[in-house]
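Each chain, written out:
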Amino acid sequence: MATKSEKEIPKIVWNESKRRFETEDKEAYVEYVVRENGKVMDLVHTYVPSSKRGLGLASHLCGAAFNHAKSHSMSIIPTCSYVSDTYLPRNPTWNSIMYSEDPRSSI
């Protein structure tokens, strides 16, 4: 039988000063860097402590970041390997907000 905490969707908080989305207890998070004058969110690192792995927290953190980016008309750079190798293949609808770099420019 699943416990109550396993059934609930965790509350994800935007911590703008630390440039990350985190669980309410601040133990799990996805960090980002804003690029291109605020038009691009580069997701650089996702962390979930071993005691909380397997609960879907990383996916919820990424979902919060992607929803934030979309609502603020931002594109995403998936630098973090979890985002690029796990989250995006499982959630291909987000491919529409991926950043496409102009080969003539550099970040």
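Residues numbered from 1 in each chain as written. Predicted model: local features only at pLDDT ≥ 70, side-chain atom pairs only at ≥ 80, totals over all residues. Heavy atoms only, no water.

How should the pattern of salt bridges be read in this particular structure?
What the rule picks out here adds up to six salt bridges. Where Lys-52 meets Asp-25, a salt bridge forms, and the shortest distance between an N and an O atom there is 2.1 Å. Of this pair, Lys-52 sits in the loop between strand 4 (40-47) and helix 2 (57-71) while Asp-25 is found in the loop between strand 2 (20-23) and strand 3 (29-35), placing the two residues 27 residues apart along the sequence. Since its relative accessible area comes to 36%, Asp-25 is described here as partly exposed. The closest approach of N and O atoms between Arg-35 and Asp-42, which form a salt bridge, is 2.9 Å. Each of Arg-20, Glu-22 and Lys-26 takes part in one network of salt bridges that share partners. (Salt bridge = Lys/Arg side-chain N within 4 Å of Asp/Glu carboxyl O. Helix = DSSP H or I, 4+ residues; strand = E, 2+ residues; numbered from the N terminus. Buried < 20%, exposed > 50% of the residue type's maximum accessible area, 1.4 Å probe, protein only.)

What exactly am I supposed to notice about the side chain of Glu-22 here?
With respect to the element layout, Glu-22 can be found in strand 2. A distance of 2.6 Å separates the side chain of Glu-22 from the side chain of Arg-20, its partner in a polar contact. Every residue in contact with Glu-22, bar those within four places of it in the chain, is listed here: Lys-11, Ile-12, Val-13, Asn-15, Ala-28, Tyr-29 and Leu-61. (Polar contact = N/O pair within 3.5 Å; in protein donor to acceptor, adjacent residues only side chain to side chain. Contact = heavy atoms within 4.5 Å.)

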